[in-house]
Amino acid sequence: MEGGTSTAQGPSAEVLGRLLVIQQAVDAMPDELRMADFVRRAMSAVPGVADAFLYLAGVNEPPPELAPLLARCADHIPDAPAQNQQRDFGPDLHCFPMYAPGQHLGCLAIQVREPEALHPYLPFLSNISSAITRIVVAHRYQARLTQLNEELRQARDHLEMRVAERTRELEYRATHDPVTGLANRALLVDRLRGAIANAQRDGTMAAVVYLDLDSFSFMNTGLGNDCGDAFLCETARRLSSLVRDGDTVARIGSDEFVILLAGLENVERSSARLSAMLAAVRRPMALAGKDLVVTASIGACVYPLDGDEPEILLRRANTAMHRAKASGKDNVQFYASTRDAAVAERMELETELRRAVSAGELVVHYQPKLCVENNRFVGAEALVRWQHPRRGLLPPARFIPIAEDSKLIVEVGEYVMRQACLEARRWQEAGLEGMTVAVNVAARQLRDEQIIHTVGRVLRETGLPPHCLELEITESSIMHDLEHATALLHALKGLGVSISIDDFGTGYSSLSALRNFPADKLKIDRSFVHEIETVPSAAAVALAVISFARTLGMRVNAEGVETLGQAQCLRKHGCDEIQGFLLARPVPAGQVPAIFRQPGLATWDEPA
């Protein structure tokens, strides 16, 4: 018999092999519609088959002539797939139903051309039908599993969103006053700590203003709590309208408000703002059909003149507020027990500082910097000191803020730069080639129109190669005016000097802006280095700075390294330079060459 037809003795091996291939091929079909098309084409080559159709419920539509047949197949659904059996509908049509428990999946319908030729292969067609049933059931289970997983994912996402919303709500309640929406005492203290840290770094001041409403208790008892709450909310709105974005208005008691004024350059300017607060509270307020007028008493103290801890400042501002009440209410009082002496000392230091430069009282000390890779010194940072004739050697924290407030910082900064460049030139002449000197540039210096000319003139007059001078600029001093800062740094870079961003990681920088600055180095703030071994968040910030610098092709310096463990941690994660007490304290110029000629850390690889 031709083409693989069978004889009366049995089926053809060639056809059986073909049927086996069909059974295996359906396993590889990527989808059920393609499977149906494949089975129809493949079955057409089986002896005795006129046509074949694989009907899969929900996937394809059967020919109209098969609709009655399929209806009869679906009339009785067996209890288990094992009961799938061939059903004959006359000599010209065979049907192989496909069932799942309680479900009719479809059928394999065979139109017969030669019954005798097809007869030997019917058991094999039943096997193919069973294989298709198994595959379709697996597909349906997989689809259902995918659906359930998606429903589970959506439910999980919804739950996470609700948890996040609830967490934000709880965090807000924990840090805000429920009546006015202002910051509460906990958030105020946290922000006060931040304002103190920023003031220490920037040489500015912060004022703590304690405002208490006069005779407010009579409003609650006379007009009711609802009226009292409405008055508090309107007072909160009026006070909030008088402060800047960086300031904080908080409610810490029944009728007590505290206003934090951060980043002040002098105390005198804050007095007008406090008077405006009194006037805002005093302005008539329409409540309960009446125009109500309530006055307030204000007490204020100033960091660093009146204290350097949040609780101390709050307590002293409260003391000043009670003095305002005792003085007749509706007035402002500053904390004064030590204020007069502090102001007098500050004014005296400013006067003496004006002659200190010309008198040669400013001296420059140097803190060496070590290259981590080769364990050799690569230069030093210049740090100014004031050799006061009566007070002794004063650190920069005692006089640099005064210099910045009085604009003396421009003169002081040029003096330090010139001395540092002269000293670095001496290093070169002594055979210490390649050593660089880093000089801090204050924010007010950057605002000086002559800064580019000044740096160029100092380099020319001292003879120091420009690449040996590194200018350290704090990130806070360049983030206020990005366009000006970018142009200025490019101009400085054009002189051939190196640019280092100091105190990096303290929360000011816009990374998208920083990547456009022509900086050569980032300096990790000492506050993160100090805690890098003990506080995971500090270590994470330090490692993030290193990674960010690597991305932009910058080097990284870590200042304030005091322990071998800190140095080892920084080396492990790819920091380029370190400086700090572990290597050397800032020393006078005469001691620097001897340090440079020494090896670096002799105990680098010992356990920390």
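Because the structure is predicted, anything quoted here is derived from the model rather than measured. (Residues numbered from 1 in each chain as written. Predicted model: local features only at pLDDT ≥ 70, side-chain atom pairs only at ≥ 80, totals over all residues. Heavy atoms only, no water.)

Asker: Explain the environment of R426 to me, using residue names and the numbers behind them.
Answerer: Mapped onto the fold, R426 is located in helix 13 (residues 409-429). Considering only alpha carbons, one finds R426 and T462, 36 residues apart in sequence, at a separation of 9.9 Å. Side chain to side chain, R426 and E423 meet in a polar contact 2.8 Å long. (Helix = DSSP H or I, 4+ residues; strand = E, 2+ residues; numbered from the N terminus. Polar contact = N/O pair within 3.5 Å; in protein donor to acceptor, adjacent residues only side chain to side chain.)

Asker: Report on the environment of I409, specifying residues and quantitative values.
Answerer: Among the structural elements, I409 can be located in helix 13. What makes I409 buried here is its relative accessible area of 4%. Residues I409 and F399, 10 residues apart in the sequence, show an inter-C-alpha distance of 9.7 Å. (Buried < 20%, exposed > 50% of the residue type's maximum accessible area, 1.4 Å probe, protein only.)

Asker: How would you sum up the nonpolar core? Please name residues and give values.
Answerer: Of all hydrophobic cores here, the largest spans 84 residues; its most connected members are L362, W427, L469, I524 and I578. The element that contributes the greatest number of residues to this core is helix 13, accounting for nine residues. Core analysis: the next-biggest nonpolar cluster, separate from the first, contains 34 residues, L211, L213, A296 and V302 among them. (Core = buried A, V, L, I, M, F, W, Y, C linked by side-chain atoms within 4.5 Å.)

Asker: Any details on the packing of helix 15 (residues 451-462) against helix 16 (residues 482-494)? Residues and values, ideally.
Answerer: To describe two helices that pack against each other, one gives the angle between their axes and the distance between the axes. Running from amino to carboxyl end, helix 15 crosses helix 16 at an angle of 15°, the nearest separation of the two axes being 10 Å. One element, helix 15, and the other, helix 16, form an angle in the roughly parallel class. Here helix 15 and helix 16 pass one another in a crossing that is right-handed. Residues I451, I452 and V455 of helix 15 touch helix 16, and the partners they reach there are L488, A491 and L492. Classifying every residue of the contact of helix 15 with helix 16 gives six nonpolar, no polar and no charged. (Axes fitted to C-alpha atoms, helices over the stretch in contact; angles between N-to-C directions. Parallel < 35°, antiparallel > 145°, perpendicular 65-115°, else oblique. Left-handed = near helix turned anticlockwise from the far one by under 90°. Contact = heavy atoms within 4.5 Å. Nonpolar A, V, L, I, M, F, W, Y, C, P; charged D, E, K, R; others polar.)

Asker: Break down helix 12 (residues 396-405) for me, citing the residues and quoting the values.
Answerer: Note on helix geometry: an α-helix contains 3.6 residues per turn, so any two residues three or four positions apart are oriented the same way. If you check which residues of helix 12 are buried, you get F399, I400, P401, I402, A403 and E404. Where helix 12 terminates, the next one or two residues include K407, which has phi positive at roughly 70°.

Asker: Requested: an account of the sheet that holds strand 11 (residues 332-334), with residues and values cited.
Answerer: Strand order across the open sheet formed by five strands is 6-7-5-10-11, with mixed pairing between neighbours. Every interior strand has two partners, whereas the edge strands, strand 6 (248-251) and strand 11, have only one. The mean inter-strand angle of the sheet, taken between neighbouring strand axes irrespective of direction, is 20°. Strand direction decides the pairing type here: strand 6 and strand 7 (residues 256-264), joined by four bridges, are antiparallel. What sits directly across from R251, in strand 7, is F257. Most of the contacts of helix 6 (residues 185-202) go to strand 7, to which it runs at about 20°, and overall it touches strand 5 (205-213), strand 6, strand 7 and strand 10 (296-303). (Pairing = 2+ DSSP bridges.)

Asker: How would you summarise the pattern of salt bridges if you had to cite specific residues and measurements?
Answerer: Considering all chains together, one arrives at 42 salt bridges under this definition. Of the charged contacts in the structure, one is a salt bridge between R185 and E311, with a shortest N-O distance of 3.0 Å. Of the two residues, R185 sits in helix 6 while E311 sits in helix 10 (residues 310-326), which places them 126 residues apart along the sequence. By relative accessible area, R185 is classed as partly exposed at 36%. K493 is paired through a salt bridge with D520; the nearest N and O atoms lie 2.5 Å apart. One end of the pair, K493, is in helix 16; the other, D520, is in the loop between helix 17 (511-514) and strand 18 (521-524), with 27 residues separating them in the sequence. (Salt bridge = Lys/Arg side-chain N within 4 Å of Asp/Glu carboxyl O.)

Asker: Please provide a residue-by-residue account of helix 2 (residues 32-43), values included.
Answerer: For helix 2, built from 12 residues, the straight-helix expectation of 16 Å at 1.5 Å per residue is met to within 8% by its first-to-last C-alpha distance of 16 Å. Inspection of helix 2 places E32, M35, A36, F38, V39, A42 and M43 among the buried residues, and these make up the whole buried set. Projected down its long axis, helix 2 shows its buried positions confined to an angular sector of 165°, all on one face. Opposite the buried face of helix 2, at more than 90 degrees from it, the exposed residues are L33 and R41. Buried residues belonging to helix 2 abut helix 1 (13-25), strand 1 (49-56), strand 4 (103-112) and helix 5 (122-175). Measuring from the side-chain oxygen of the N-cap residue of helix 2 to the backbone nitrogen of L33 gives 3.2 Å; that N-cap residue is D31. (Expected span 1.5 Å × (residues − 1). Arc of directions from axis to C-beta.)

Asker: Account for the side chain of H388, with residues named and values stated.
Answerer: Along the chain, H388 turns up in strand 13 (residues 376-388). Accessibility expressed as a relative area gives 2% for H388, which makes it buried. One polar contact links H388 to E352, side chain to side chain, over a distance of 2.5 Å. Beyond its immediate sequence surroundings of up to four residues, H388 is in contact with E352 and L394.

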